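Residue strings, one per chain:
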Amino acid sequence: MTNKIAQFVALVALFIQCGTSVYAQKTSAKNIDTRVAALLAKMTLEEKIGQLNQVPGDISTGTDVAKDDLLTQIRSGKIGSLLSHTNFQNKITMQRVAVSETRLGIPLIFGFDVIHGYKTIFPIPLAQAASWDMGIVEKIERIAAEEASADGQNWTFAPMVDVSREPRWGRVMEGAGEDPFLGSRVAEARVRGIQGNDLAANNTLAACVKHYAGYGFSEGGRDYNTVDMSEQRLREMVLPPFKAAADAGAATFMNAFNTLNGVPASMNKFLLENILRGEWMWKGMVVSDWNSFGETIVHGAAADDVDASAKCLNAGSDMDMAGGTFQRGLKRALESGRVTQAQIDEAVKRVLHLKFALGLFDDPFRYLDPKRRNETLEKPDYRTFAREAAAKSMVLLKNDGGLLPLTEGSRFKKIAIIGPYADSKGNKDYMSFWTLGLGMREYDSTKVVRPAQALKPALEAMGYQVTITEICIDAMCTEKDYSAAINATREADLVIACLGERGLDCGESRCVSSLNLPRDQERILSITGRLNKPIVAVLFNSRPLVFDWATQNIPAILVAWQPGFETGNALADVLTGKVNPSGKLPVTFPKNLGQVPLYYNHLNTGRPQQQQGQMWTSGYLDSPVTPAYPFGFGLSYSQFNYSNMKLTKPQYKMNETIEVSITVTNSGKVAGEEVVQLYIRDISADIARPVKELKGFEKINIGAGESRVVTFRLTEKDLSYWNNEAKFKADPGKFKVFIGGNSRDVNELDFELIK
Ligand code: BGC
């Protein structure tokens, strides 16, 4: 009896929580497809088109769109999803209206850009890739998903997997750099972290792989610009991380803003129908980018909303983000025979499938539990990990004479920490615009540990005297700011110069036409540099920058990227040697802007240049062709030597495993981590192949004076390329295999692939 009462009470409670959600209670089938079909059969055309409509919430990341009263629209079944909504209580209200005040009670799905952390901010994605540690990358996403899901988000617009060779492009910071192999490993790790093993669990989110495809190759590094490339480049450079993410089970994809070979990505059948859904047999849902359906009209590829709706749906796109194009045009596209009912149903099914998979029909409030929210956001453990992740993603580019780490009993007694980023309280400094979980402007900036806050006490505890001198670099600043830096430098034995980019200069629509240290910061270095004090330059950057003067004249350079909340602590850990730096560049750093695009996996040309000035070779009169710092480069406080590289055989048959090993010795005085990288070159293929292609890497820890043998295994698949017959295939013939600690300094062997 008591049991029955308890059951009744539980049922009533459930009823109250879910309101009168008709559908949530009437479907019991386990199989999602059956449940989707049953629901679809009850829906009107308007309700179906409503499910394909995604509307912005309280944050806008694109051009302004008109927003009617959200609750009214939800009530009338016109909205299937919301994006960028931060207010927790409002999400509960909106969900309640969706499940209890609409005819079918279909829950909303809340999407959000969780790019490098949600409430706890981690290093930017490019920095994460620089760790070359997939465990770190996955765990960052796991924590971000824990926080975002506890705050009512169900779906993140991440990972961005756009390979890019364009440092001018502001969004290079959101990806994993220039290499498709590293990019693929990062893409998988991020999907694993975001989605976990069970989409329906209340601490996981659906991933959205973006931007499909080609966005990272926009001309001139200008956002939203034209992309034109061969299918071979598309297949080998752009698509692999998308494929890897699809294979890792990513639930959704996002269209790119750009045209690809003339066709806007949102209406690109070749990308969506032929490749994604056809060849890859991927079953998920595709959302537009912000108004990218509507922008097909601006591209000049669609006449009006009806035409745009027809073209985008026909190509295989499903949900319309922020533009309202489907709302205005899809019904008329159906009436005029431009799309079929079956096509609309297919798109709606994909949206509903996602909602079922997330468990939203079983419990629409699964992600809206205030208690879990309170317990989950910003746990101290997350911060501890943010510190580790930031330290492990920093890349030491120069360390002449072992200037770093700064240890106790050093000959330097007085340290001046100078520069605009020594102690900056600037909006979103040390992170990026893509930290929307904190809000756009009104966030608590004291959550960021600034360099001065952590570095000063850490160095003082070791007996140093430390001064902090911020340098203003705004247009209003005066010479006084420089004289303060000069005076501080004069007084000091060693200078730590904190330079780089503002947080708000990193991300979408933040492209640049110069890669110099912004706002004349080179001047800070050259003025202080003339005083002949050893300088450690710390760069807070979101993209490869150009700092040739520093490379020539400054003994130590550390790329700290935009490290997130634990900036100061992580920096102190690295500069004092508590953490031995182990990051490696996931992008080439050029010597000057004119070299761009500059990337390690280029073709050789018929006339490769060995030395600047060599006439009739492929080069520049006024610049070398070599980079400032190559892909894969990064120093450590240990020294790693590579020896005894071995292949098991000189020849391998097509289906045999190629095994190659090398001994890595830490000849330094401290234990350290090294990213051992394997590259290949196919030297007798049917088409010209890159001078190097990354095909493997392993991050290993080696004690001082110890050695480790690292073995890589390659298969025919690793040697294959997109050939003239439009297939991935390996050619028999000669290959080179290289192993080293970066893409330039390698050991090499030859082998042959035979039939
Ligand atoms: C960006 C996407 C982002 C979306 C939603 C767009 O402007 O290109 O990457 O997910 O806005 O904020």
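Here the residue index of a chain counts from 1 through its sequence in written order. Note on the predicted model: pLDDT of at least 70 is required for a residue's local features to be given, and 80 or more for side-chain atom pairs to be given and counted; whole-chain, interface and lining totals, by contrast, use all residues. Only hydrogens and water are removed before side-chain values are computed, so all heavy atoms of the structure are retained for them.

### A word on unusual backbone geometry
Part 1 of the reasoning: Here the amide bond leading from Ala 158 into Pro 159 is cis, since omega sits at 5 degrees, within 30 degrees of zero.
Part 2 of the reasoning: With omega at 0 degrees, the peptide bond leading from Tyr 212 into Ala 213 counts as cis.
Part 3 of the reasoning: We count a stretch as a helix when DSSP gives it H or I for four or more residues in a row; a strand needs E for two or more, and each element gets its number in order from the N terminus. Tracing the backbone through its elements, the reader meets Ala 213 in the loop between strand E5 (208-212) and helix H10 (231-247).
Part 4 of the reasoning: A positive phi is found at Asn 261, a non-glycine position, where the angle reads about 50 degrees.
Part 5 of the reasoning: Structurally, Asn 261 can be placed in the loop between strand E7 (259-260) and strand E8 (263-264).
Part 6 of the reasoning: Phi at Trp 616 takes a positive value of approximately 65 degrees, unusual for a residue other than glycine.
Part 7 of the reasoning: Turning to its location among the elements, Trp 616 is positioned in the loop between helix H22 (567-575) and strand E17 (640-647).
Part 8 of the reasoning: Here's how the labels work: a residue is buried when its accessible area is under 20% of the maximum for its type, exposed when over 50%, partly exposed in between, all with a 1.4 Å probe on protein chains only. You can call Trp 616 exposed: its relative accessible area is 68%.

### Topic: the packing of aromatic side chains
For any pair of aromatic rings, the description consists of the separation of the ring centres together with the inter-plane angle of the planes.
Part 1 of the reasoning: Two rings belonging to Phe, Tyr or Trp (six-membered ring only in the last case) form a pair when the distance between their centres is within 6.5 Å. Interplanar angles under 30 degrees mark stacking, angles over 60 mark edge-to-face geometry, and anything in between is tilted. In total, this model carries 28 aromatic pairs according to the counting rule given.
Part 2 of the reasoning: Residues Trp 169 and Tyr 215 carry aromatic rings whose centres are separated by 4.9 Å and whose planes lie at 80 degrees to one another, so their mutual orientation is edge-to-face. Of the two residues, Trp 169 is situated in the loop between strand E4 (155-156) and helix H9 (180-195) and Tyr 215 in the loop between E5 and H10; the sequence distance between them amounts to 46 residues. Like Tyr 215, Trp 169 is buried.
Part 3 of the reasoning: Arranged with centres 5.9 Å apart and planes meeting at 35 degrees, the rings of Tyr 629 and Phe 633 form a pair that is tilted.
Part 4 of the reasoning: With relative accessibility at 10%, the residue Phe 633 sits in the buried group.
Part 5 of the reasoning: Linked through ring pairs, Trp 132, Phe 181, Tyr 600, Phe 631, Tyr 679 and Phe 697 together constitute an aromatic cluster.
Part 6 of the reasoning: Remark: a charge is flagged as sitting over a ring if the NZ atom of Lys or the CZ atom of Arg is within 6 Å of the ring centre and within 35 degrees of the ring normal. It is Arg 185 that lies over the ring of Phe 181; its NZ or CZ is 4.7 Å from the centre.

### What to know about helix H13 (residues 305-315)
Think of an α-helix as 3.6 residues a turn; residues three or four steps apart then line up on the same face.
Part 1 of the reasoning: Across the eleven residues of H13, ten count as buried, placing the element largely inside the fold.
Part 2 of the reasoning: Looking at H13, one finds that the buried residues are Asp 305, Val 306, Asp 307, Ala 308, Ser 309, Ala 310, Cys 312, Leu 313, Asn 314 and Ala 315.
Part 3 of the reasoning: Two residues qualify as a contact provided that any one of their heavy atoms is within 4.5 Å of a heavy atom in the partner residue. The elements touched by buried residues of H13 are helix H11 (269-279), helix H12 (295-299), helix H14 (325-335) and helix H15 (341-357).
Part 4 of the reasoning: For this analysis, a polar contact is any N or O atom pair within 3.5 Å, provided that within protein one partner can donate a hydrogen and the other can accept it, and provided that sequence-adjacent residues contribute only side-chain to side-chain pairs. For H13, the N-terminal capping position is held by Asp 304, with its side-chain oxygen 3.2 Å away from the main-chain nitrogen of Val 306.

### Thoughts on the confidence of the model for the protein
Part 1 of the reasoning: Residue-level confidence of the predictor is what pLDDT reports, using numbers from 0 through 100. Overall, the predicted model of the protein reaches an average pLDDT of 94, with 95% of residues at or above 70.
Part 2 of the reasoning: Segment residues 5-27: pLDDT under 50, and 29 contacts once partners within four positions in sequence are set aside and those in other chains are kept.

### Observations regarding a nonpolar patch on the surface
Part 1 of the reasoning: On the surface, Met 615, Trp 616 and Leu 621 cluster together into a nonpolar patch covering about 460 Å² of accessible area.
Part 2 of the reasoning: With respect to the secondary-structure elements, Met 615 resides in the loop between H22 and E17. Residues with no salt bridge and a relative accessible area higher than 30% make up the patches, which join like charges within 9 Å and nonpolar side chains (Val, Leu, Ile, Met, Phe, Trp, Tyr) within 5 Å. Accessible surface area values rest on a Shrake-Rupley calculation with a 1.4 Å probe, where residue burial reflects the displayed protein chains alone. The salt bridge criterion pairs a side-chain nitrogen of Lys or Arg with a carboxyl oxygen of Asp or Glu, the two atoms within 4 Å.

### Some points on the nonpolar core
Part 1 of the reasoning: We call a set of buried Ala, Val, Leu, Ile, Met, Phe, Trp, Tyr and Cys residues a nonpolar core when their side-chain atoms join them within 4.5 Å. Core analysis: the biggest nonpolar cluster contains 176 residues, and Tyr 212, Ile 496 and Trp 561 have the highest contact counts within it.
Part 2 of the reasoning: Broken down by element, this core gets its largest block of residues, eight residues, from H15.
Part 3 of the reasoning: The domain boundaries here were taken from an automatic or database domain assignment. When residues of this core are assigned to domains, at least three fall in each of domain 1 (2-374) and domain 2 (379-595).
Part 4 of the reasoning: The residues contacting Tyr 212, other than those within four sequence positions of it, are Leu 239, Phe 242, Phe 253, Met 254, Asn 255, Ala 256, Ala 265, Leu 271, Leu 272, Ile 275, Leu 276 and Trp 280.

### Notes on the side chain of Ser 720
Part 1 of the reasoning: Within the secondary structure, Ser 720 sits in the loop between strand E22 (707-714) and strand E23 (721-722).
Part 2 of the reasoning: Here the side chain of Ser 720 touches Lys 717 through a polar contact of 2.7 Å, landing on its backbone oxygen.

### With respect to the pattern of salt bridges
Part 1 of the reasoning: Tallied over the full model, the rule gives 48 salt bridges.
Part 2 of the reasoning: Residue Lys 331 is joined to Glu 46 by a salt bridge in which the shortest nitrogen-to-oxygen separation is 3.1 Å. Highlighted residues: Lys 331 in helix H14 and Glu 46 in helix H4 (residues 45-51), separated in sequence by 285 residues.
Part 3 of the reasoning: Looking at Lys 331, the relative accessible area reads 34%, which means it is partly exposed.
Part 4 of the reasoning: The salt bridge involving Glu 141 is made with Arg 190; its shortest N-O contact spans 2.6 Å. On the criterion of sequence distance, the pair formed by Glu 141 in helix H8 (residues 134-150) and Arg 190 in helix H9 is long-range, its members being 49 residues apart. One exposure class covers both Glu 141 and Arg 190, and it is buried.

### Let's talk about the domain arrangement of the protein
Part 1 of the reasoning: Entries for the protein in the domain assignment read domain 1 (2-374), domain 2 (379-595) and domain 3 (640-754).
Part 2 of the reasoning: On a C-alpha basis, the centres of domain 2 and domain 3 stand 35 Å from each other.
Part 3 of the reasoning: Taken together, the four residues of domain 2 in the interface contact nine residues of domain 3.
Part 4 of the reasoning: Carbon and sulfur atoms supply 37% of the area that domain 2 and domain 3 bury against each other, a total of about 490 Å² over both sides.
Part 5 of the reasoning: As a working definition, buried area equals the accessible area (1.4 Å probe) given up by two parts on being put together, with both sides summed. Looking only at domain 2, the three residues that lose the most surface to domain 3 are Asn 580, Ser 582 and Lys 584, adding up to 84% of its buried area.
Part 6 of the reasoning: Joining domain 2 to domain 3, the criterion identifies two salt bridges.

### Examining the packing of helix H3 (residues 32-40) against H15
Part 1 of the reasoning: A fitted line through C-alpha atoms serves as each axis, taken over the contacting stretch for helices, and the angle formed by two N-to-C directions is quoted from 0 to 180°. Taken N-terminus to C-terminus, the directions of H3 and H15 make an angle of 125 degrees; their axes are 9 Å apart at the nearest point. The angle between H3 and H15 places the two elements in the oblique class. Remark: the crossing between H3 and H15 carries right-handed chirality. On H15, the residues touching Ile 32, Asp 33, Arg 35, Val 36, Leu 39 and Leu 40 of H3 are Asp 345, Val 348, Lys 349, Leu 352, His 353, Phe 356 and Ala 357. Oblique is the label for any angle not covered by the other classes, which are roughly parallel (under 35 degrees), roughly antiparallel (over 145) and roughly perpendicular (65 to 115). Should the near helix be turned anticlockwise from the far one by less than a right angle, the crossing is termed left-handed; should it be turned clockwise, right-handed.

### Quick notes on the sheet that holds strand E14 (residues 494-500)
Part 1 of the reasoning: Pairing is mixed in the open sheet, where six strands are placed in the order E11-E16-E15-E14-E12-E13. Either end of the sheet is taken by a strand with one partner, and the two such strands are strand E11 (395-399) and strand E13 (465-469). Along the sheet, successive strands turn relative to each other by an average axial angle of 15 degrees, direction set aside.
Part 2 of the reasoning: Of the strands in this sheet, strand E12 (414-418), E13 and E14 touch helix H19 (residues 479-491), which is tilted by about 160 degrees from E12. At least two bridges found by DSSP between two strands is the condition for calling them paired.

### Points about the environment of Thr 252
Part 1 of the reasoning: As for its placement among the helices and strands, Thr 252 is situated in strand E6 (residues 252-255).
Part 2 of the reasoning: Assessed through its relative accessible area of 0%, Thr 252 is described here as buried.
Part 3 of the reasoning: Sequence separation of Thr 252 and Leu 354 is 102 residues, and the distance between their C-alpha atoms is 8.5 Å.
Part 4 of the reasoning: Among residues more than four places away in sequence, those in contact with Thr 252 are Trp 155, Ala 207, Cys 208, Val 209, Trp 282, Met 285 and Leu 354.

### Remarks on the side chain of Asp 162
Part 1 of the reasoning: The topology assignment puts Asp 162 in the loop between E4 and H9.
Part 2 of the reasoning: Positive charges are assigned to Lys and Arg, negative charges to Asp and Glu, while His and the chain termini are left out of the count. Buried within the structure, Asp 162 lacks any salt-bridge partner; its nearest side chain of opposite charge belongs to Arg 171, at an N-O separation of 6.4 Å.
Part 3 of the reasoning: At 2.9 Å, the side chain of Asp 162 forms a polar contact with the side chain of His 211.

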